[in-house]
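A structural walkthrough
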Amino acid sequence: MSSSWTQSPDASTSDEELAKSLSIWPLDVHNVQLLNEVRHKQYTNPTPLDVYDLVVIGAGAGGLVSSRQAARRGAKSCMISAELAGENNEFAITFGHSNAASSIDDINDGQQIEVQVDFPKIMERMRKLRSSIAPIDGHARGDSLGTQTFQGKGVFTSPTTIEVVEHGKMLGDESNPKLTFRKAVIATGGRPFVPDNIPGLKESPYTTNLSLFNLQQLPRRMVILGAGVVALEMAQAFASFGSDVTVLQRSRLLSKGDEEAANAIKATLEDEGVKFLSGVNVKEVTTIREAAADDLPLMSVDLSCSEHTEPISLDCECLLLALGRTANVESIGLDSANVDFHPSKGIKVNDFSQSVSNPNVYAVGDCVADVFRLTHMSGEMAKVVVQNALFTGQWRLSSLVVPSVMYTDPEYATVGKIHVDENNNVVSPIENNEEVDVYKAELQHNDRAILDSSDKTSFVKICCKKGTGTIVGCTIVSSRAGEMINEVSLAMKHDISLEGVGRNIHSYPSLGEAVMGCGIQFINSRWETMN
């Protein structure tokens, strides 16, 4: 079926160039193991079936789950992988990076200890962790579950057919596999947004979360354009490694999130040496030096900001763009498939994750307009699609309760609901403006937080529909917030009131007692008292 990748320095120049184009570098033992699982160097595509019950374009979390779950349930399914199969390239290494940074901070906590950071070893650890996840996403695993995997770019040629444009070939090549489907799923994901209105930026050796982890040297200075989740996770991590980090904010941190939480996270990062500039307008990026064998590139960022009346110029060896994501919807034949889409937001779907214009096509994940762009959201949407497309399901996106977590230290976790309009079309994942009652429990007196020396500004905030115990949202800033939020998600999903949460016995000592604390506040506000 395929031949194996080879480690440098024995790898060919063409293999090294291909690996770099896939944002996988260097070609060491760990990255070779990864590529041999999720992007075979040479691959013979299987013989297409006459008709597929489900064809999936894309091989991230949504593509893997939809194609494999369909096969497990008896469907004839296949998945088309254009680049790397699986989501491990981004998430796992980001999470592992944050853990490494947190370990360094724990050592330094309250003590004047100089920690020597071996950055190349940290990066090697990240590659090792990533490669250990790869087999579950690999082609062989898919084959064992009964779904075919095609390597190439999937392009619709009609509302019911797809051509797999194999690597090195053109659309229309007679040898490209041609697939006919009853139902199809678009799971092409997204990519980092790169603005085109900043002179010199696109010509500069900037970095995104896709290429950041190819670094072999620690940048002395890092400038991050953006103030969302990726920006703050990487700002804290690289500051703990020893980089001089400056975050450039156009608006406030976590602009769509809780302002109190944003301020708490910002204060923590500032204490750890991260600098913030707000109201930033980047004027130009100048490349002073390109990267060389033993040197990182050098760039200069010219900007204005609200804190300074004079223009500012910042030099950096790493310019990280963390401005959100844009949907991958170009060049996949959506017009031929009669699939409506927005060029940056993505494919327009209804509450069943079904194309609003072609009922035989569904979409999941980051390529979909107005849904949460999260790995676990992609996987959950895939389950909805398999049920609705292949069976008699009427599963709705609006029924999903979706938590999200930023892996800073402390972590920042939120949960809310998806909203749809009167035509069952998805319109936004943001909570509507209904009036709420807010219940807040701080962790500064929580015994587990004290014993763990957790951040003293941590809190749990639960919002209920005004005058009721119906939970409509939650924000947590705390160590292990990502674990704590799941209790609230479960309560929201199954209509458990805040009183029910408060009356649930929690282990002592535990950070989860703060969630219970919000419930106790609700109960106490309705206590009967003796006159």
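Our structure's up above, just so we're on the same page.
All of these numbers come straight from a predicted model, not from anything done at the bench.

Things to note about the environment of Val29
Turning to its location among the elements, Val29 is positioned in helix H2 (residues 29–38). Residue Val29 is classed as partly exposed on the basis of its relative accessible area of 44%. Residues Val29 and Thr6, spaced 23 residues apart in sequence, show a C-alpha to C-alpha distance of 8.5 Å.

Overview of the sheet that holds strand E15 (residues 308–316)
Across the sheet, which stays open at both edges, the three strands sit in the order E13-E14-E15 with antiparallel pairing between neighbours. Of all strands in the sheet, those bounded by a partner on one side alone are strand E13 (281–289) and E15. Here the average twist between neighbouring strands, direction ignored, is 15 degrees.

Quick word on the nonpolar core
Nonpolar side chains tend to gather and get buried jointly when the protein is soluble and globular. Counting residues in hydrophobic clusters, the biggest one holds 45 residues, and the most contacted among them are Phe156, Ile186 and Ile347. With six residues, the single largest contributor to this core is helix H9 (residues 375–390). Those residues in contact with Ile347, other than ones at most four positions away along the chain, are Ile186, Val329, Leu334, Val339, Asp340, Phe341, Ala363, Cys367, Val368 and Ala369. By size, the runner-up hydrophobic cluster in this structure holds 35 residues, among which are Phe213, Ala235, Val247 and Leu269.

A few points about the environment of Val285
Within the secondary structure, Val285 is located in strand E13. For Val285, a relative accessible area of 5% puts it in the buried group. Taking the C-alpha atoms as reference points, Val285 and Glu203, separated by 82 residues in sequence, lie 8.8 Å from one another. With near-sequence residues (within four places) excluded, Val285 lies in contact with Ile198, Pro199, Gly200, Leu201, Ser204, Ser300 and Leu319.

Thoughts on the packing of H2 against helix H5 (residues 119–137)
Angle between the axes and distance between the axes are the two parameters that describe a pair of packed helices. Where H2 contacts H5, the two axes come as close as 8 Å, and the packing angle between them is 20 degrees. One finds that H2 runs roughly parallel with respect to H5. With respect to the hand of their crossing, H2 and H5 are arranged in left-handed fashion. Between H2, through His30, Asn31, Gln33, Leu34, Glu37 and Val38, and H5, the contact on the second element is made entirely by Glu124, Arg127, Lys128, Arg130, Ser131, Ala134, Pro135 and Asp137.

Comments concerning the sheet that holds strand E11 (residues 244–248)
Within a sheet, adjacent strands bond to each other through the backbone by hydrogen bonds, running parallel or antiparallel. If you trace the four strands from one edge of the open sheet to the other, you get E12-E11-E10-E16, paired in parallel fashion. Unpaired on one side and paired on the other, strand E12 (275–277) and strand E16 (318–321) mark the two borders of the sheet. Along the sheet, successive strands turn relative to each other by an average axial angle of 20 degrees, direction set aside. By the bridge criterion, four bridges tie strand E10 (residues 221–225) to E16 in an arrangement that is parallel. Its bridge partner lying in E16, Ile224 is registered against Leu320.

Details of the state of the cysteines
Overall, the coordinates contain zero disulfides when judged by the stated rule. Unpaired in this structure, Cys316 has its nearest cysteine sulfur neighbour in Cys318, at a distance of 7.1 Å. Overall, the relative accessible area of 0% leaves Cys316 in the buried class. Left without a disulfide partner, Cys367 is nearest to the cysteine sulfur of Cys78, which lies 16 Å away.

Scoring rules and cut-offs
- Residues numbered from 1 in each chain as written.
- Predicted model: local features only at pLDDT ≥ 70, side-chain atom pairs only at ≥ 80, totals over all residues.
- Heavy atoms only, no water.
- Helix = DSSP H or I, 4+ residues; strand = E, 2+ residues; numbered from the N terminus.
- Buried < 20%, exposed > 50% of the residue type's maximum accessible area, 1.4 Å probe, protein only.
- Pairing = 2+ DSSP bridges.
- Axes fitted to C-alpha atoms, helices over the stretch in contact; angles between N-to-C directions.
- Core = buried A, V, L, I, M, F, W, Y, C linked by side-chain atoms within 4.5 Å.
- Contact = heavy atoms within 4.5 Å.
- Parallel < 35°, antiparallel > 145°, perpendicular 65-115°, else oblique.
- Left-handed = near helix turned anticlockwise from the far one by under 90°.
- Disulfide = S-S within 2.5 Å.

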